[in-house]
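# Topology and contacts: notes
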Amino acid sequence: MDLNQLTDTLRHNAVMTVFFNVLMQQLGLPVPAFPTLLVVASLATDGAGLIPLLLVATVASVLADWVWYRAGRLFGYRVLTGLCRLSINPSSCVSQTEARFVRWGLPSLVVAKFLPGFSTVAPPIAGALRMNQIGFLGAAGLGAALWAGVALCLGWFLKDRVQAVMQFLDRDASSALIAVGLALLVWLSWKLWQRRRFKRLSAVPHITPLELLAALEAERPPLVLDLRGPAMVAEKGPIDGARLAQHQHPQDAVGDWPKDQPIVTICACPEDAGAIHAAHLLLEQGYQSVRPLQGGYEAWVAANQRDARPPSA
């Protein structure tokens, strides 16, 4: 399809193109919705033509957000864990997303569309935290309208430049593909470096759930830091005897605990990422024995259930 055919297709199917592009992207698929909005806006014959595009983009975005919100309500913290499991760097995903949402509250949904990655995880967190649905839809709608409005306005006011870029891509597609490929290679290399760095950090010694159960019965039991987010603590309840801690500042929960006494960190995150990160932070501050719990919160619950079973006859 050449540039003229593409232009005609976008001009005659602008509303449906915008709706499905935005819907698919907000559901988590790698669809270039923002560039699509720029191009479609540059093809509009007048400013009034942007209004239906803004409306359908907002509706599509809110619909996708509502789907994620309902998933968070139904499945709780497991949705965030599942999304972060897809991340190349699960440590940053776990440690930043829920903390950012809890810190900013409802206004985070207004700016979520402008923060890569956060846009997908914010709605299920809102659902898991049982945020009021009307308030959620209102904030999500305002955020979607601002995000789509920025893209459409940029496309309209910079229409000549957008069309010039499209014509360049049509004339020299090979050079454009090379540039895009190089940019993707740089991004992927950066992400893989982060992943490799996380794997090195994961080499810190762990403690198994059974070992922790035995250690808690000892004369000098370890301090247990619970790094789960507020959504999961509210859903599953606290861990007996543990102190709630934050991924980025676990030392705040340690208090005056002696630095030569053992500490165990527990999270509910892929590959024990948050527990490993917190353990390294504490080790860097001079605590001599800090070990993440192998398998995280799910393994801890399973071990306690096995330990509570009566012996078979």
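See the structure printed just above.
One structure accompanies this document, and this report is about it. (Residues numbered from 1 in each chain as written. Predicted model: local features only at pLDDT ≥ 70, side-chain atom pairs only at ≥ 80, totals over all residues. Heavy atoms only, no water.)

## Focus: the pairing of strand 3 (residues 263-266)
Basically, it comes down to this: Note on classification: 1.4 Å probe, protein chains only; a residue is buried when its accessible area is under 20% of the maximum for its type, exposed when over 50%, partly exposed between these limits. Under the DSSP-based scheme used, a helix requires at least four consecutive residues in state H or I and a strand at least two consecutive residues in state E, with every element numbered from the N terminus. Two strands are counted as paired when DSSP detects at least two bridges linking them. Orienting the strands away from the viewer, one traces the path from the first strand over the helix to the second; a clockwise path indicates a right-handed crossover.
What you see with strand 3 is no split at all: Ile-263 and Thr-265 on one side and Val-264 and Ile-266 on the other are buried throughout. Where strand 1 (residues 223-226) meets strand 3, four bridges bridge the pair, whose relative direction is parallel. The residue of strand 3 that forms the bridge with Asp-226 is Ile-266. Sheet topology places strand 3 next to strand 4 (residues 290-292); three bridges connect them, and they run parallel. Among the inter-strand pairings, Thr-265 is bridged to a residue of strand 4, identified as Pro-292. On the question of chirality, the crossover connecting strand 3 to the parallel strand 4 by way of helix 15 (residues 273-284) is right-handed.

## What about the nonpolar core?
Test applied: In these notes, a set of buried Ala, Val, Leu, Ile, Met, Phe, Trp, Tyr and Cys residues joined through side-chain atoms within 4.5 Å is what counts as a nonpolar core. Every residue pair with non-hydrogen atoms within 4.5 Å of one another is taken to be in contact.
Val-18, Val-22, Leu-37, Leu-53, Ala-57 and Trp-147 are the most contacted members of the largest nonpolar core, which totals 20 residues. Contributing elements (two or more residues each) for this core: helix 2 (14-26), helix 3 (33-42), helix 4 (50-75) and helix 9 (133-157). With six residues, helix 4 is the largest single contributor of residues to this core. Excluding anything up to four places from it in sequence, Trp-147 contacts Val-22, Gln-25, Gln-26, Ala-33, Phe-34, Leu-37, Lys-113 and Phe-114. In this structure, Leu-225, Ile-263, Cys-269 and Tyr-287 belong to the second largest nonpolar core, which totals 15 residues.

## A closer look at helix 12 (residues 209-216)
Rules: The arc under discussion is defined with respect to the helix axis, by the directions toward the C-beta atoms.
Considered for burial, the residues of helix 12 that qualify are Pro-209, Leu-212 and Leu-213. Buried residues of helix 12 fall within an arc of 100° about the axis and therefore sit on the same side.

## Focus: the packing of aromatic side chains
Cut-off, in case you're wondering: Aromatic pairing here means that ring centres of Phe, Tyr or Trp (its six-membered ring) are within 6.5 Å. Orientation follows from the plane angle: under 30 degrees is stacked, over 60 is edge-to-face, and everything else is tilted. Charges are assigned to positions over rings by a cutoff of 6 Å between ring centre and Lys NZ or Arg CZ, combined with an angular limit of 35 degrees from the ring normal.
Evaluation of the coordinates by the stated rule reveals three aromatic pairs. Each ring, one from Phe-19 and one from Phe-20, has its centre 5.3 Å from the other, and the planes form 90°; the classification is edge-to-face. The lysine or arginine in question, Lys-259, covers the ring of Tyr-287, its NZ or CZ lying 5.3 Å from the ring centre.

Keep in mind these numbers describe shape, not what the thing actually does.
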